[in-house]
Amino acid sequence: MKLKQIAITILLFTSLSSCYKDVGPIDDANTTQENVSFSADVQPIFNQTCISCHPNSGNLDLTAGNAYNQLVNVNASGYSAKRVVPNDAENSLLYKKIDGSGSYGSNMPLGGSLSVAQINTIKQWIEEGAQNN
Ligand code: HEC
């Protein structure tokens, strides 16, 4: 009886610790945040870098309270593209205007660029469904 309990304990321990080892490296490799929040992560980038020109430049208002409704599934004013297509950064003007590709005129912010981390935050927000979260 006692031997059986010990055997079960060892079995449990090995299976649990192998689970832990399986998960560990995946977590380490995933350097980006799991979920990007529009209000906590994206809007602050707009506040810091974009709203000096974007209460109105390009008919685009990126100020808090207005930005989301100006972006998601909205046709661009200067290009034949949607500003943000949920789950599809490559077809979202917002992303193509900040990714350095120059595929839609000047890179934004005009005269500069966002950091790689900021670009990835916006990209990930779009790829996660561009939620109003
Ligand atoms: C110094 C002024 C300035 C800043 C700062 C700036 N923009 Fe712009 N933006 C413009 C101007 C002018 C246009 C219109 C010309 C064009 O499309 O390139 C524009 C156009 C755009 C458009 C296209 C809108 C449309 O529907 O045609 C997007 C998207 C955009 N900006 C995003 C951003 C983002 C995101 C930031 C901050 C990271 C930013 N901009 C910062 C001046 C600015």
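As a reminder, the structure under discussion sits directly above these lines.
This text gives an overview of the structure that appears in the document. (Residues numbered from 1 in each chain as written. Predicted model: local features only at pLDDT ≥ 70, side-chain atom pairs only at ≥ 80, totals over all residues. Heavy atoms only, no water.)

### Thoughts on the site of the ligand
Here is the rule we go by: Near, as used in this document, describes a residue that has one of its heavy atoms within 4 Å of the molecule or strand being considered. A 3.5 Å cut-off defines polar contacts: any pair of N or O atoms within that distance qualifies, except that in protein one atom must be a possible hydrogen donor and the other a possible acceptor, and neighbouring residues in sequence count only when both atoms are side-chain atoms. Note that Gly is not counted as nonpolar here; it falls among the polar residues with everything else outside the nonpolar set of Ala, Val, Leu, Ile, Met, Phe, Trp, Tyr, Cys and Pro and the charged set of Asp, Glu, Lys and Arg.
Around the ligand, a shell composed of 21 residues is seen, among which C50, C53, H54, Y79 and M108 lie nearest. For the ligand, an oxygen atom lies 2.8 Å from a polar atom in the backbone of S77. The contact in question runs from an oxygen atom of the ligand to an N or O atom on the side chain of Y79, over 2.5 Å. When the residues that make up the shell around the ligand are grouped by side-chain class, the tally is 12 nonpolar, seven polar and two charged.

### Topic: the coordination of the iron atom of the ligand
Definition in use: Donor atoms (N, O, S) are those found within 2.8 Å of the metal centre, with the cutoff raised to 3.2 Å for Na, K and Ca; water is not part of the atom list, so apparent gaps in a site can occur. Each label reflects the angles at the metal, where four donors whose angles all fall between 85 and 135 degrees are tetrahedral, four or six donors whose opposite pairs open beyond 155 degrees and whose other angles stay between 65 and 115 are square planar or octahedral respectively, and the rest are irregular. Per the convention used, a helix needs a DSSP run of H or I reaching at least four residues, while a strand needs a run of E reaching at least two, with both numbered from the N terminus. Using a 1.4 Å probe on the protein chains alone, a residue whose accessible area is under 20% of its type maximum counts as buried, one over 50% counts as exposed, and one in between counts as partly exposed.
Those protein atoms acting as donors to the iron atom of the ligand are H54 (NE2) and M108 (SD), and they sit at 1.9 to 2.2 Å. Geometry at the iron atom of the ligand is octahedral, judged from the six donor atoms that bind it and their angles of 85 to 178° at the metal. Residue H54 is located in the loop between α2 (38-49) and α3 (67-71), and its partner M108 is located in the loop between α4 (93-96) and α5 (116-127); the two are separated by 54 residues in the primary sequence. Under the relative-accessibility criterion, H54 is labelled buried at 11%.

### A few points about the pattern of salt bridges
Formally: Salt bridge criterion: a side-chain nitrogen from Lys or Arg within 4 Å of a carboxyl oxygen from Asp or Glu.
Counted by the stated rule, this structure contains two salt bridges. A salt bridge links K96 to D99, with the shortest nitrogen-to-oxygen separation between them at 2.8 Å. Judged by relative accessible area, K96 falls into the buried class, the value being 12%. Assessed through its relative accessible area of 22%, D99 is described here as partly exposed. Bridged by salt links that share partners, the residues E90, K96 and D99 form one connected network.

### Concerning the side chain of D61
Definition in use: By the counting scheme adopted, Arg and Lys are positive, Glu and Asp are negative, and His together with the chain ends is not counted. By definition, residues are in contact when any of their heavy atoms lie within 4.5 Å.
Inspection of the secondary structure assignment puts D61 in the loop between α2 and α3. Here D61 is buried and forms no salt bridge, its nearest opposite-charge partner R83 lying at an N-O distance of 9.2 Å. Within polar-contact distance, the side chain of D61 engages the side chain of T63 at 2.6 Å. If we ignore the near neighbours within four places in the chain, the residues touching D61 are H54, P55, N66, A67 and Q70.

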